[in-house]
Amino acid sequence: DKDRPVGYEHVSEFQPGFHERLSRNWPEPREQLHAGGWAATRYLVDKLEVRAGDAALDVRCGEGGTAIWMARNLGAHVVGIDILGNAVETAGRKAWKEGVQSSCSFIRANLFSLPFKDETFDFIIRQDPDGLAYVQRVFAFQEIFRVLRKGGQLGIQHWIPGIGVPQSVIQRFDQVNVAVGYPSHGQVHAAYI
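For clarity, every value in this text was computed on a predicted model and none was experimentally measured.

## Regarding the nonpolar core
Membership of the largest hydrophobic core comes to 21 residues, with the highest contact counts inside it found for Val50, Met70, Val78, Cys104 and Phe106. Mapped onto this core, the elements with two or more residues apiece are helix H2 (37-48), helix H3 (65-74), helix H4 (85-98), strand E3 (104-108) and strand E4 (121-127). When residues in this core are grouped by element, the largest group, five residues, is from H3. Not counting residues within four places of it along the chain, the set of residues in contact with Met70 comprises Val45, Val50, Ala56, Gly75, Ala76, Val78 and Ile125. Counting 17 residues, the second largest nonpolar core, distinct from the first, contains Leu114, Phe116, Phe121 and Ile144.

## What about the sheet that holds strand E5 (residues 148-157)?
Sheet strands pair by backbone hydrogen bonding; their relative direction is either parallel or antiparallel. Spatially, E3-E2-E1-E4-E5 is the arrangement adopted by the five strands of the open sheet, whose pairing is parallel. Both edges of this open sheet fall to E3 and E5, since each of them pairs with a single strand only. On average, each strand axis in the sheet is tilted by 20 degrees relative to the strand beside it, whichever way the strands run. Pairing of strand E1 (residues 55-59) with E4 involves four bridges; the strand directions are parallel. Residue Val59 lies in a different strand from E4, and its bridge partner there is Arg126. Contacting E1, strand E2 (77-82), E3 and E4, H3 runs over the sheet at an angle of about 155 degrees to E3.

## Let's talk about H4
Spacing of three or four residues puts side chains on the same side of an α-helix, whose turn is 3.6 residues. In this model, H4 (14 residues) spans 20 Å end to end at C-alpha, consistent with the 20 Å of a helix rising 1.5 Å per residue. The set of residues buried in H4 consists of Ala87, Val88, Thr90, Ala91 and Ala95. The arc that holds every buried residue of H4, seen down its axis, measures 160 degrees, which confines them to one face. In H4, the exposed residues that point more than 90 degrees away from the buried face are Glu89, Arg93, Trp96 and Lys97. Within two residues after H4, Gly99 carries a phi angle of roughly 75 degrees, on the positive side.

## With respect to the state of the cysteines
Scanning all chains against the criterion turns up zero disulfides. A disulfide-free cysteine, Cys61 has its sulfur positioned 8.2 Å from the sulfur of Cys104, the nearest such atom. Residue Cys61 is classed as buried on the basis of its relative accessible area, which comes to 8%.

Reading the values: rules and limits
- Per chain, residue numbering runs from 1 following the sequence as it is written.
- For this predicted model, a pLDDT threshold of at least 70 governs which residues receive local features, and a threshold of 80 or more governs which side-chain atom pairs are given and counted, while totals over whole chains, interfaces and linings are taken from all residues.
- To obtain the side-chain values, all non-hydrogen atoms of the structure were used and water was disregarded.
- Nonpolar core, defined: a set of buried Ala, Val, Leu, Ile, Met, Phe, Trp, Tyr and Cys residues in which side-chain atoms within 4.5 Å join the residues together.
- Only protein chains enter the accessibility calculation, which uses a 1.4 Å probe; a residue whose area is less than 20% of its type maximum is buried, one above 50% is exposed, and one in between is partly exposed.
- Runs of E in the DSSP output that reach at least two residues are strands. Runs of H or I that reach at least four are helices, and both are numbered from the N terminus.
- When checking whether two residues touch, look at their non-hydrogen atoms; a contact exists if any pair is within 4.5 Å.
- Strand pairing follows a simple DSSP-based rule, namely that at least 2 bridges must link the two strands.
- Angles run from 0 to 180 degrees between N-to-C directions of axes, and those axes are lines fitted to C-alpha atoms, restricted for helices to the stretch in contact.
- A helix's residues, less one, multiplied by 1.5 Å, set its expected span.
- Relevant arc is that of directions from the helix axis to the C-beta atoms, nothing else.
- By convention in this document, the label disulfide applies to cysteine sulfur atom pairs within 2.5 Å.

Below, the structure is given as structure tokens:
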């Protein structure tokens, strides 16, 4: 399809060292470089009710913190994907170090063309969904729903503040965005309809 984005349009923004640079300013631990940190991750996973033996996909897994936690603490079989090869390599090393390599794996993959068979996953978790913010996000959603089993669940935690988020929280995360070289998102709100 000629209108389908390749998914690597902005990868030049995320050079090696991206996670290091972001972690110096981010108000959450390095393994949770998204709004809300561990509290948001646990809330999302609890809402999805991920259980032992479930097949889960962590889209834009970064350095693997969430995927490894789900494998170690919940007994889920997790695949993490990220567009950044260095993040995937780091995540893989961490999975071995944590002893969850048999139930948690990582691959470099493109959200717009997922390398999985139809209906592979019970759950798909998505924190800070950059690919879902593109104008052509319909293609990303098509891929997500293709690989999600019938009756499966998609959980999204967005980095753009939702309506009702306290102004102090918006200002703190906006300061971090600006500090690492991104434009201000302080007046941006999002909702999926």
